[in-house]
Amino acid sequence: ARKLDIPGAILITLGLGGIVFGLLESSRLGFAETVVWAPLVAGFIFTGLFVVRQKMAASPMMPLALFRSRAFSGANIMTFFLYGAMSGSLFFLPFNLMQVQGWSATLAGAAVLPFILGIAIFSLFAGLVVARFGQRTPLVVGGGVAAIGFALLALPGSDSSYWTGFLPGLAVMGLGIGIAVAPLTIVVMAAVPPNRAGLASGVNNTASRVAMLMAVAVFGVVMFEVYSANFESALQSVPLDAESRALIGARMVDLAGMEIPAALDPESAGLVRIAINDSFVAGFRVVSLIAAGITALGALAAAVTIPPRA
């Protein structure tokens, strides 16, 4: 008997599409360009219109009344922060491992296994954990542990080993997210009437996907700004002719995947490669610390909004 909210779907698609497009293009063109700020402004306007539409629609695709529940709102806020931190940080990790550390794609993929196994193993016991400790404690503890894991990923340098550099952060992240992710779903489903469980699950899944989409765009801007600032500073001490310097500047958007001009002598090429690697690591450290911060905010949101037990 309900109708599809086609206008709402169109508005949120245009809204999120405009915001993400503008953020992605800003790293290449800067925020002053019309092709960057115009989609950003339009995206925020369309997103605002989507919220208005949800208030007025007879059959909204995302009923705002669901968010009157503090537990439901808090769980979705934590979902947004946790998945945003996870996708934003892990998006750049393979580039660090392959382009900076020099690993193969197979080794870079295998390096993430402890993180995945941690989530898989601890998620198996989510129901028992919630039954024993309530619904709030696993979210707060898991979020706090995951924040520590993200912070640990900021420690490795451009020549760190896997066992002492990357494994501790990935393992702690897997532990924390494994503790928190499954209880998040339990909290969301318990916060609404049974006849709205499917809708609640859809909203929660949408929160995670939107967070992943936004995080890659936002973290990409942060990474490029930190990388370019560090790289330009490092290049000041490298003896380069004007043509090579201009060519390198034009390729800066490629980050650690930048191809060094073939005309450079071996010594200068080596110095440029060191500058590339160190600059990417500097950007990755900032991204990891931001991920740690927003994960901690998600844990704080859970502590404030979610009751101890359903």
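Residues numbered from 1 in each chain as written. Predicted model: local features only at pLDDT ≥ 70, side-chain atom pairs only at ≥ 80, totals over all residues. Heavy atoms only, no water.

A.B. asks: Kindly report on the overall build of the protein chain, identifying the contributing residues and their values.
C.D. replies: The number of helices and strands found in the protein chain is 11 helices and zero strands. Mapped in sequence order, the helices and strands of the protein chain form the string α-α-α-α-α-α-α-α-α-α-α. Reported as C-alpha extents along the three principal axes, the dimensions of the protein chain are approximately 70 × 45 × 30 Å. Buried residues in the protein chain amount to 46% of all 310 residues. Look at the contacts in the protein chain between residues 6 or more apart in sequence, and 78% of them connect residues 24 or more apart. In the form shown here, the protein chain has an accessible surface area of approximately 14800 Å², with 70% of it arising from carbon and sulfur atoms. Once the 16 positive and 13 negative side-chain charges of the protein chain are each reduced to a mean point, those two points are 30 Å apart. (Helix = DSSP H or I, 4+ residues; strand = E, 2+ residues; numbered from the N terminus. Buried < 20%, exposed > 50% of the residue type's maximum accessible area, 1.4 Å probe, protein only. Contact = heavy atoms within 4.5 Å. Areas by Shrake-Rupley, 256 points an atom, 1.4 Å probe, with all protein chains shown as cover. Lys, Arg positive; Asp, Glu negative; His and termini not counted. Charge placed at Lys NZ, Arg CZ, Asp CG, Glu CD.)

A.B. asks: Report on the side chain of Ser 228, specifying residues and quantitative values.
C.D. replies: Position of Ser 228 relative to the elements: it lies in helix α9 (residues 197-235). Accessibility expressed as a relative area gives 9% for Ser 228, which makes it buried. Among the polar contacts listed, one links the side chain of Ser 228 to the backbone oxygen of Phe 224, at a separation of 2.8 Å. (Polar contact = N/O pair within 3.5 Å; in protein donor to acceptor, adjacent residues only side chain to side chain.)

A.B. asks: Give a description of unusual backbone geometry that names residues and reports values.
C.D. replies: Only a minority of non-glycine residues have a phi that is not negative, and only a minority of peptide bonds are not trans. With a phi angle near 55°, Leu 255 is a residue other than glycine that sits in the positive phi range. For Leu 255, the location among the structural elements is in the loop between α10 (242-250) and α11 (266-305).

A.B. asks: Tell me about the packing of aromatic side chains, and name the residues and values.
C.D. replies: A full pass over the atoms with the stated rule returns eight aromatic pairs. Ring plane angle 65° and centroid distance 5.7 Å describe the contact between Trp 103 and Tyr 162, whose orientation is recorded as edge-to-face. One end of the pair, Trp 103, is in the loop between α3 (70-100) and α4 (105-111); the other, Tyr 162, is in helix α8 (residues 162-190), and 59 residues separate them in sequence. Through a chain of ring-to-ring contacts, three or more aromatic side chains come together here, namely Trp 103, Tyr 162, Trp 163 and Phe 166. Over the face of the ring belonging to Phe 133 we find Arg 132, whose NZ or CZ atom lies 5.0 Å from the ring centre. (Phe/Tyr/Trp six-rings, centres within 6.5 Å; stacked < 30°, edge-to-face > 60°. Lys NZ or Arg CZ within 6 Å of the ring centre and 35° of its normal.)

A.B. asks: Just give me the short version of the nonpolar core, but keep the residues and values in it.
C.D. replies: Of all hydrophobic cores here, the largest spans 65 residues; its most connected members are Phe 115, Phe 150, Ile 177, Tyr 227, Phe 231 and Val 272. Broken down by secondary-structure element, the contributors of at least two residues to this core are α3, α4, α5 (113-123), α7 (136-152), α8, α9 and α11. Sort the elements by how many residues they give to this core and α3 lands first, with 13 residues. Setting aside residues no more than four positions away along its own chain, Phe 231 makes contact with Ile 248, Met 252, Met 258, Val 272, Ala 275, Ile 276 and Ser 279. Counting 12 residues, the second-largest nonpolar core is a separate cluster that includes Ile 12, Ile 19, Val 36 and Leu 40. (Core = buried A, V, L, I, M, F, W, Y, C linked by side-chain atoms within 4.5 Å.)

A.B. asks: Report on the pattern of salt bridges, specifying residues and quantitative values.
C.D. replies: Inspection of the entire model under this criterion finds one salt bridge. Among the salt bridges present, the one from Arg 53 reaches Asp 5, with a minimum N-O distance of 2.9 Å. Highlighted residues: Arg 53 in helix α2 (residues 34-56) and Asp 5 in the segment before α1 (6-29), separated in sequence by 48 residues. The exposure class of Asp 5 is buried, given its relative accessible area of 6%. (Salt bridge = Lys/Arg side-chain N within 4 Å of Asp/Glu carboxyl O.)

A.B. asks: Go over a nonpolar patch on the surface, please, and point to the residues and values.
C.D. replies: Among the surface-exposed residues, Leu 113, Ile 116, Leu 117, Ile 121, Phe 122, Leu 124, Phe 125 and Leu 128 lie close enough to one another that they form a single nonpolar patch of about 810 Å² accessible area. It is α5 that provides the largest number of residues to the nonpolar patch, a total of five residues. Its location among the elements puts Leu 124 in the loop between α5 and α6 (126-133). (Patch = residues over 30% accessible without salt bridge, like charges linked within 9 Å, V, L, I, M, F, W, Y side chains within 5 Å.)

A.B. asks: Provide a residue-level description of the packing of α6 against α8, including the pertinent values.
C.D. replies: Between α6 and α8, whose axes approach to 9 Å, the crossing angle comes to 65°. In terms of their interaxial angle, α6 and α8 are classed as roughly perpendicular. Our pair here, α6 against α8, has a crossing hand that is right-handed. Contact residues: Ala 126, Gly 127 and Val 130 in α6; Ala 182, Pro 183 and Ile 186 in α8. Partitioning the contact of α6 with α8 into residue classes produces five nonpolar, one polar and no charged. (Axes fitted to C-alpha atoms, helices over the stretch in contact; angles between N-to-C directions. Parallel < 35°, antiparallel > 145°, perpendicular 65-115°, else oblique. Left-handed = near helix turned anticlockwise from the far one by under 90°. Nonpolar A, V, L, I, M, F, W, Y, C, P; charged D, E, K, R; others polar.)

A.B. asks: I'd love a proper account of the environment of Ala 217, names of residues and values included.
C.D. replies: Relative to the helices and strands, Ala 217 resides in helix α9. Accessibility expressed as a relative area gives 1% for Ala 217, which makes it buried. For Ala 217 and Gly 88, which are 129 residues apart along the polypeptide, the C-alpha to C-alpha distance reads 8.2 Å. With residues near it in sequence (within four places) discarded, Ala 217 still touches Val 20, Leu 23 and Leu 24.

A.B. asks: So what's going on with the environment of Pro 183? Residues and values would help.
C.D. replies: In this fold, Pro 183 is placed in helix α8. Along the backbone, Pro 183 and Arg 136 are 47 residues apart, and their C-alpha atoms lie at a distance of 8.6 Å. Among all residues touching Pro 183, those that are not within four sequence positions of it are Ala 126, Val 130, Pro 138 and Leu 139.

A.B. asks: How would you summarise the packing of α3 against α7 if you had to cite specific residues and measurements?
C.D. replies: Put simply, α3 and α7 touch, their axes get as near as 12 Å, and they point 20° apart. Of the possible angle classes, the one that applies to α3 and α7 is roughly parallel. In the packing of α3 onto α7, the handedness of the crossing is left-handed. Residues Met 78, Leu 82, Ala 85, Met 86 and Ser 89 of α3 lie in contact with α7, whose contacting residues are Leu 139, Gly 143, Ala 146 and Phe 150. Broken down by class, the residue content of the contact of α3 with α7 amounts to seven nonpolar, two polar and no charged.

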